[in-house]
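What follows is each chain in one-letter form.
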Amino acid sequence: LYLSLPKKQKALVAKSIVHAVRAQNPPGRFLARDPSNSLWSDIGDQKATEKTSQALREGAPDIRTEMAKEGHMKKGNIMGGQMLKKGLIGLDQTKLDGLIKATAKS
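Below or above, wherever it landed, is the structure these notes cover. (Residues numbered from 1 in each chain as written. Predicted model: local features only at pLDDT ≥ 70, side-chain atom pairs only at ≥ 80, totals over all residues. Heavy atoms only, no water.)

## Examining the packing of helix α1 (residues 7–22) against helix α2 (residues 44–57)
Phase 1: Contact geometry for α1 and α2: axes closest at 9 Å, N-to-C directions at 115°. Helix-helix and strand crossings are classified by hand; for α1 and α2 the assignment is right-handed. When α1 is examined against α2, the residues Ala11, Val13, Ala14, Lys15, Ile17, Val18 and Arg22 are found in contact with a partner set consisting of Gly44, Asp45, Ala48, Thr49, Thr52, Ser53 and Leu56.
Phase 2: Counted by class, the contact of α1 with α2 contains seven nonpolar, four polar and three charged residues. (Axes fitted to C-alpha atoms, helices over the stretch in contact; angles between N-to-C directions. Helix = DSSP H or I, 4+ residues; strand = E, 2+ residues; numbered from the N terminus. Left-handed = near helix turned anticlockwise from the far one by under 90°. Contact = heavy atoms within 4.5 Å. Nonpolar A, V, L, I, M, F, W, Y, C, P; charged D, E, K, R; others polar.)

Below, the structure written as structure tokens:
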């Protein structure tokens, strides 16, 4: 799913993940250790979004190659409605656009 998105929508997905983690009860946090005193502190939303995007990108070339071999890719995009490895399901772009807009409004 993430691999097939345009850049702006990828950023919205990462922001949505950060929001979902922080909205948990108790709230999740994104932490970094301060080397000067060895204490952990929150890295803030911008850095958390950047690190979430990085985590989503890691392994993307391998996943893309594997999906292409299995016939889950069509003209460089994931085909909607197909079951992919690791419990993922390909979404068609029109449904995904609606999901992104609904997430952006909340």
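Further notes follow.
## Section: α1
Phase 1: The terminal C-alpha atoms of α1, which comprises 16 residues, lie 23 Å apart, in line with the 22 Å expected from a rise of 1.5 Å per residue.
Phase 2: Buried within α1 are the following residues: Gln9, Ala14 and Val18. (Expected span 1.5 Å × (residues − 1). Buried < 20%, exposed > 50% of the residue type's maximum accessible area, 1.4 Å probe, protein only.)

## A few points about the side chain of threonine 52
Phase 1: Relative to the elements of secondary structure, threonine 52 occurs in helix α2.
Phase 2: In this structure threonine 52 comes out as buried when scored by relative accessible area, which is 9%.
Phase 3: Those residues in contact with threonine 52 that sit more than four places away from it in its chain are Ala14, Ile17, Val18 and Phe30.

## Focus on the pattern of salt bridges
Phase 1: Going through the model one piece at a time under the given rule, you end up with two salt bridges.
Phase 2: For aspartate 42, the salt bridge identified is with arginine 22, shortest N-O distance 2.8 Å. Taken together, the residues span a long stretch of sequence, with aspartate 42 in strand β2 (residues 40–42) and arginine 22 in helix α1 at a distance of 20 residues.
Phase 3: Its salt-bridge partner being arginine 22, residue aspartate 45 comes within 2.6 Å of it at the nearest N-O pair. Note that aspartate 45 is positioned in helix α2 and arginine 22 in helix α1, a separation of 23 residues in sequence.
Phase 4: For arginine 22, a relative accessible area of 22% translates into the label partly exposed.
Phase 5: Residues joined by salt bridges that share partners form a network here, namely Arg22, Asp42 and Asp45. (Salt bridge = Lys/Arg side-chain N within 4 Å of Asp/Glu carboxyl O.)

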